[in-house]
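The primary structure of each chain is shown beneath.
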Amino acid sequence: QKIRILYERAWTAYWWYNDFAELSQLYDTIEPLALGQDIVNIGKLFNLHTVLAACVRAGEFSSTEAKIEQRTAAIRVDLDQIAADGNRPNSALQARTKLKFLDIQSAIYAGAPPDPHFNELKAILTQTEGLSSYPVESTTEIILEIGQYFTDNQAYDDLFETVLKIKKERATKIETGRTLLTRGYQKLRADKNYEAIVLLGRSQVYLAVKENRSEFARALFGCGLAYETVGLNWSARANILAALDQVFADIGETGMFQV
């Protein structure tokens, strides 16, 4: 909660008041709280690091004033550890992604070609299929944002095509999942529980992405209700617990759950 509150204060200082000094001071407060934590909290620190780097590029700070080198080194240590954890593939892939963004940032500062990092980022994106907690939407938005610096770069253009393909596929899947979810609840309300189980089960496959956590939870919960009605209590329990897991994960990351 402390990290989340400080993060929101820092975000407000930057986006609402252009108070870059306050942003930097709050970063110093958040850093010891976030380092050593999970990828969600380190991700918040990474976001603040990104906007600090943007301040340096815009001339609001020197890299020395923004402590870019020491802050980058500190966050890299944690990201390297998470990236090497084979037991947590989702977190590991997120950490690898953030490390690539840091590499690209360093290349921009040094005037070095970022092409190898674009190629590696492209390879990372191709591994996100089936990882429901991987933040594809925010990752692709960052990639699109940095495109303004690489308007004549073939490696970036190749990465962009991968982003485009992923966004198109996800949009189609999500719409399919929402359609199945709507029909599944219609069946559930009509007491056609076996048909509801089939439809809601199918919708879960398409809605199991981070950005659709609330709809995924609804699909799990509805399926649990249908299972309970037909007397399949263990299946009902599994779905309800899975739905609650999604709810608590959202609350843990954002402090709220969007119904």
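Reading the values: the criteria
- Residues numbered from 1 in each chain as written.
- Predicted model: local features only at pLDDT ≥ 70, side-chain atom pairs only at ≥ 80, totals over all residues.
- Heavy atoms only, no water.
- Helix = DSSP H or I, 4+ residues; strand = E, 2+ residues; numbered from the N terminus.
- Buried < 20%, exposed > 50% of the residue type's maximum accessible area, 1.4 Å probe, protein only.
- Salt bridge = Lys/Arg side-chain N within 4 Å of Asp/Glu carboxyl O.
- Phe/Tyr/Trp six-rings, centres within 6.5 Å; stacked < 30°, edge-to-face > 60°.
- Polar contact = N/O pair within 3.5 Å; in protein donor to acceptor, adjacent residues only side chain to side chain.
- Contact = heavy atoms within 4.5 Å.
- Core = buried A, V, L, I, M, F, W, Y, C linked by side-chain atoms within 4.5 Å.
- Expected span 1.5 Å × (residues − 1).
- Arc of directions from axis to C-beta.
- Axes fitted to C-alpha atoms, helices over the stretch in contact; angles between N-to-C directions.
- Parallel < 35°, antiparallel > 145°, perpendicular 65-115°, else oblique.
- Left-handed = near helix turned anticlockwise from the far one by under 90°.
- Nonpolar A, V, L, I, M, F, W, Y, C, P; charged D, E, K, R; others polar.

Engineer: Let's hear about the overall build of the protein: which residues, and what values?
Structural biologist: Within the protein one finds 11 helices and zero strands. Its helices and strands taken in sequence order, the protein reads α-α-α-α-α-α-α-α-α-α-α from the N to the C terminus. Principal-axis analysis of the C-alpha atoms gives the protein an extent of 65 × 40 × 35 Å. Here the protein holds 259 residues, and 44% of them are scored as buried.

Engineer: Give a detailed account of the pattern of salt bridges, specifying residues and quantitative values.
Structural biologist: For the coordinates displayed, the defined rule picks out 10 salt bridges. A salt bridge links glutamate 137 to lysine 167, with the nearest nitrogen and oxygen atoms 2.9 Å apart. Linking glutamate 137 in helix H7 (residues 136-146) with lysine 167 in helix H8 (residues 154-189), this pair joins segments that are 30 residues apart in sequence. Lysine 167 sits in the partly exposed class, given a relative accessible area of 26%. In this structure, lysine 187 and glutamate 195 form a salt bridge, with 2.6 Å as the shortest nitrogen-oxygen distance.

Engineer: Tell me about the packing of aromatic side chains, residues and numbers included.
Structural biologist: In total, this model carries nine aromatic pairs according to the counting rule given. Summarising the aromatic geometry, the rings of phenylalanine 20 and phenylalanine 61 are spaced 6.5 Å apart at their centres and angled 70° between planes, so their arrangement reads as edge-to-face. Note that phenylalanine 20 is positioned in helix H2 (residues 20-34) and phenylalanine 61 in the loop between helix H3 (39-57) and helix H4 (68-83), a separation of 41 residues in sequence. With relative accessibility at 16%, the residue phenylalanine 20 sits in the buried group.

Engineer: Residue-level account of the side chain of asparagine 153, with values.
Structural biologist: Mapped onto the secondary structure, asparagine 153 falls in the loop between H7 and H8. Within the local environment of asparagine 153, its side chain forms a polar contact with the backbone nitrogen of alanine 155, the two atoms lying 3.0 Å apart. Here tyrosine 156 takes part through its backbone nitrogen, which lies 2.8 Å from a polar atom of the side chain of asparagine 153. Ignoring anything within four residues of it in the chain, the contact list for asparagine 153 reads Pro114, Asp115 and Phe118.

Engineer: Which residues make up the nonpolar core, and what values go with them?
Structural biologist: With 47 residues, the main nonpolar core has Leu23, Ile30, Leu79, Phe118 and Ile143 as its most contacted residues. Counting residues per element, the ones that place at least two in this core are helix H1 (2-15), H2, H3, H4, helix H5 (89-110), helix H6 (115-125), H7 and H8. Here the element with the most residues in this core is H3; it accounts for 10 residues. What phenylalanine 118 contacts, discounting residues up to four positions off in sequence, is Ile104, Ile146, Phe150, Asn153, Ala155, Tyr156 and Leu159. Counting 15 residues, the second-largest nonpolar core is a separate cluster that includes Leu200, Leu207, Leu220 and Ala243.

Engineer: Explain helix H9 (residues 193-207) to me, and be specific about the residues and the numbers.
Structural biologist: For H9, built from 15 residues, the straight-helix expectation of 21 Å at 1.5 Å per residue is met to within 8% by its first-to-last C-alpha distance of 20 Å. Taken together, the buried positions of H9 are occupied by Asn193, Ala196, Ile197, Leu199, Leu200, Ser203, Gln204 and Leu207. The inward-facing, buried residues of H9 abut H8, helix H10 (213-229) and helix H11 (233-254).

Engineer: Go over H11 with me, naming the residues and quoting the values.
Structural biologist: Between its first and last C-alpha atoms H11 spans 31 Å; for 22 residues at 1.5 Å apiece the expected length is 32 Å, and the two agree. Residues of H11 that are buried include every one of Ala236, Asn239, Ala243, Gln246, Val247, Asp250 and Glu253, and no others. The buried residues of H11 all sit within an arc of 145° when viewed along its axis, so they share a single face. Facing away from the buried side of H11 by over 90 degrees, the exposed positions are Trp234, Phe248 and Gly252.

Engineer: I'd love a proper account of the packing of H2 against H3, names of residues and values included.
Structural biologist: Between H2 and H3, whose axes approach to 10 Å, the crossing angle comes to 155°. Considering the angle they form, H2 stands roughly antiparallel to H3. The hand of the H2/H3 crossing is left-handed. Along its contact with H2, which presents Phe20, Leu23, Ser24, Tyr27, Ile30, Glu31 and Ala34, the element H3 presents Asn41, Ile42, Leu45, Leu48, His49, Val51, Leu52 and Cys55. Considering only residue class, the contact of H2 with H3 consists of 11 nonpolar, three polar and one charged.

Engineer: Tell me about the environment of leucine 99, and name the residues and values.
Structural biologist: Residue placement: leucine 99 occurs in helix H5. C-alpha separation for the pair leucine 99 and arginine 76, spaced 23 residues apart in sequence, amounts to 7.0 Å. Non-local contacts of leucine 99, meaning those with residues more than four positions away in its chain, are made with Arg76, Leu79, Asp80 and Ala83.

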